[in-house]
Amino acid sequence: MLAVNLSSNKLPDTVAVGRLGLQETLRLAQQYHPDIAAAKREIAATEASLRQAGLLRNPELVAMMEDARTENRNTTWQLNQAIELGGKRRARLSVAESGLNIAKVEFAIMLNEIRATVTTRFNEVLIAQERQRLALTSLELTQRAYSAAKKQVTVGKVAPLEESKARVAQSSAQLELAKSESELVIARQRLHSMIGNNATSSIELVGRFDALPVVPDSLDVEKQLMQSPQIIKAKIEVEKRAAMADVERSKQIPDITLSLGAKREQLTGRQQPMIGVSIPISLFDRNQGNVQETISRLDKAKDELQSTQIRVRNELMQAQQRLRFAVDEAQLSKADVLPNAQNAFDLALKGFEFGKFGFLDVLDAQRSLLAATAQYLRSCGDAHLAAADIQRLLNDQAFEFYPATDSF
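Here is what the cut-offs are and how they apply
The residue numbering used here restarts from 1 in each chain and proceeds along that chain's sequence as written. In view of the model being predicted, local features appear only for residues whose pLDDT reaches at least 70, and side-chain atom pairs are presented and counted only at 80 or more, with totals across whole chains, interfaces and linings using the full set of residues. As a convention, hydrogens and water are excluded, and side-chain values are obtained from all of the structure's heavy atoms. UniProt positions are given in the numbering used here, feature names are shortened, and annotations may be inferred rather than shown by experiment. Numbering of helices and strands starts at the N terminus; helices are DSSP runs of H or I of at least 4 residues and strands are runs of E of at least 2. Burial status follows relative accessibility: with a 1.4 Å probe on protein chains alone, a residue under 20% of its type maximum counts as buried, one over 50% as exposed, and anything between as partly exposed. In these tables, accessible area is a Shrake-Rupley quantity obtained with a 1.4 Å probe, and a residue counts as shielded only by the protein chains included in the view. The patches described consist of residues with a relative accessible area above 30% and no salt bridge, like charges being joined within 9 Å and nonpolar side chains (Val, Leu, Ile, Met, Phe, Trp, Tyr) within 5 Å. What counts as a salt bridge is simple: a side-chain nitrogen of Lys or Arg found within 4 Å of a carboxyl oxygen of Asp or Glu. Any two strands with at least two DSSP bridges between them are considered paired. In what follows, a contact means two residues having at least one pair of non-hydrogen atoms within 4.5 Å. Under this scheme, a helix contributes an axis fitted over its contacting stretch, all axes are lines through C-alpha atoms, and angles between N-to-C directions fall in the 0 to 180 degree range. Roughly parallel means an angle under 35 degrees; roughly antiparallel, over 145; roughly perpendicular, 65 to 115; everything else is oblique. Note on convention: the crossing is left-handed when the near helix lies turned anticlockwise from the far helix by less than a right angle, right-handed when the turn is clockwise. The classification used treats Ala, Val, Leu, Ile, Met, Phe, Trp, Tyr, Cys and Pro as nonpolar, Asp, Glu, Lys and Arg as charged, and all other residues, Gly among them, as polar. For a helix, the expected span equals 1.5 Å multiplied by the residue count minus one. What pLDDT expresses is the predictor's confidence in each residue, scored from 0 to 100.

The name given to the protein in an unreviewed UniProt entry is Outer membrane protein CzcC, with the source organism recorded as Undibacterium macrobrachii. Under Sequence similarities (unreviewed entry), UniProt gives the following word-for-word description of the protein: "Belongs to the outer membrane factor (OMF) (TC 1.B.17) family."

## Points about the overall build of the protein
Along the protein, the regular secondary structure elements total nine helices and six strands. The burial tally for the protein puts 40% of its 408 residues in the buried class. Surface summary for the protein: the accessible area is close to 23,000 Å², and the carbon and sulfur share equals 54%.

## Considerations on a nonpolar patch on the surface
A surface patch of nonpolar side chains, about 480 Å² in accessible area, is lined by Ile 83, Leu 85, Ile 253, Leu 258, Val 277 and Ile 279. If you trace the backbone, Ile 279 turns up in the loop between β6 (271–278) and α8 (288–353).

## Regarding the pairing of β6
Across the eight residues of β6, zero count as buried, placing the element largely on the outside. Counted along the chain from strand β5 (residues 256–265) to the antiparallel partner β6, the turn is five residues long, and its residue Gly 269 has a positive phi close to 75°.

## Section: the environment of Ile 83
Turning to its location among the elements, Ile 83 is positioned in strand β3 (residues 74–83). With relative accessibility at 31%, the residue Ile 83 sits in the partly exposed group. Sequence separation between Ile 83 and Leu 258 is 175 residues, and the spatial gap between their C-alpha atoms is 7.4 Å. Apart from the residues lying within four places of it in its own chain, the contact partners of Ile 83 are Asp 255, Ile 256 and Leu 258.

## Quick notes on the UniProt feature "coiled-coil region" (unreviewed entry) in the protein
Those places that UniProt annotates as "coiled-coil region" (unreviewed entry) correspond, in this numbering, to residues 291–322. Across residues 291–322 one finds 100% helix and 0% strand; the C-alpha atoms that close the span lie 46 Å apart.

## Some words on the pattern of salt bridges
Following the criterion strictly, the structure yields 22 salt bridges and no others. Between Glu 24 and Arg 27 there is a salt bridge, with its nearest N and O atoms 2.7 Å apart. With Glu 24 and Arg 27 both in helix α2 (residues 22–32), this residue pair falls three residues apart, about one helical turn. By relative accessible area, Glu 24 is classed as buried at 6%. Among the salt bridges present, the one from Arg 133 reaches Glu 130, with a minimum N-O distance of 2.6 Å. With Arg 133 and Glu 130 both in helix α4 (residues 88–154) and three residues apart, the pair spans about one turn of that helix. Among the residues examined, Arg 133 registers a relative accessible area of 45% and is labelled partly exposed.

## Thoughts on the sheet that holds β3
By definition, the strands of a sheet pair up through backbone hydrogen bonds, in either a parallel or an antiparallel sense. Taken in spatial order, the four strands line up as β2-β3-β5-β6 in an open sheet, and their pairing is antiparallel. Of all strands in the sheet, those bounded by a partner on one side alone are β2 (60–66) and β6. For this sheet, the mean angle separating the axes of adjacent strands, direction not counted, is 20°. In the sheet, β2 pairs with β3 via seven bridges, with the strands oriented antiparallel. When the sheet's bridge partners are listed, Leu 61 is paired in β3 with Leu 79.

## Here we look at the packing of α2 against α4
At a closest axis distance of 10 Å, the pairing of α2 and α4 adopts a crossing angle of 140°. As judged from the angle between their axes, α2 and α4 are oblique. In the crossing of α2 with α4, the sense of the turn from one axis to the other is right-handed. Of α4, the residues touching α2 (which contributes Leu 22, Thr 25, Leu 26, Ala 29 and Gln 30) are Leu 111, Ile 114, Arg 115, Val 118, Thr 119 and Phe 122. Class assignment of the residues belonging to the contact of α2 with α4 gives a composition of seven nonpolar, three polar and one charged.

## A short note on helix α7 (residues 229–250)
With 22 residues, α7 ought to run about 32 Å at 1.5 Å a step, and its terminal C-alpha atoms sit 31 Å apart, in line with that. Burial in α7 covers these residues: Pro 229, Ile 231, Ala 234, Ile 236, Glu 237, Val 238, Ala 243, Ala 245, Val 247, Glu 248 and Ser 250. Buried residues belonging to α7 abut α4, α6 (218–225), α8 and α9 (359–393).

## Description of unusual backbone geometry
Its identity is not glycine, yet Asn 287 carries a phi of approximately 60°, on the positive side. With respect to the secondary-structure elements, Asn 287 resides in the loop between β6 and α8.

## Here's the deal with the confidence of the model for the protein
When pLDDT is averaged along the protein, the result is 83, and 89% of the positions lie at 70 or above. Looking across the protein, the model is least confident in helix α1 (residues 13–16), with a mean pLDDT of 39, and most confident in α7, with 93. Within the model, the stretch residues 1–17 combines pLDDT values under 50 with 28 contacts to residues more than four positions away or in other chains. pLDDT under 50 marks residues 404–408. Its contacts with residues more than four places away, or in other chains, come to 17 contacts.

Given below as structure tokens:
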């Protein structure tokens, strides 16, 4: 594993000019993504809130002086300490602990999102590289077809119109190659932005776009459903709202203030100890409004938990179905559609060179081959995207869709 300087926003030189596999790219994203530092700051802030919630209330020192004349002056020193009743401190700690747990779960959700996004963009680059390679191959084929058409026109076997058609096909292939190169640059930029690097071509990605993700079993997905960070967050939110309701209920029990002091009479020189207690009377304000508000928000959190469970389950089922369909489609295309389309194009081109077919037959065969190839690449991309969606929804370690090696 490469040594990475966490204080730097640039990739190490060995990475900037080297080769990156998926796992190494994921590690770099977790170290250099700008949202990581912000999320860690939030966790530190909630930890500080937890420490603050557990502190006791400060005592109060009171000094009073009666009569401005020295000979008749009475001086009183008094120390007051408020005593919280009703479990207020315990309830505050519960709220703060829930806030810390939510911050940690949000951090896990963000890591899932980063991991899924990096995986998707990594495969987008691999697919863009394949599109560029296929566009270059297509250009070479059209150049070959143009040369064949030109020879056929020269010997008078076909009309000059066939040469013009071949030239148009060659120009279209050149435009497609330029488009694929531009898409590759954009895909690289999108990936490198996730790892704090603006380079577009200095890093070579190691992997196979056709290494399709494994479709997880439905029963396994259902077992992992309750471990979804989004559902866990919704559960903790319910706990937090319940703790907040306890805080407001505890406020209905008034706190008492104990007083301890001494009074000195200047005239007689006598000191008198003072002990007192102060108890508020909850006659009008019993905090009933705040209690009702927190109870309503608790009920709302419970409803949102149920809604989150339904939403995550539906999104998981849809993503799993999309993954299964995309994998089946890609495998069928690779095993049957692509070989037949390639064979048809080869036969059409060879037949045209020998004067058995017209150039329109070659163009039709080429279009079919390009369409089949584009569909195959689309299926591979859809499979990787669906697997990434499942990763976003479930625990990060729930399923390993790809082998844990830098070479896929």
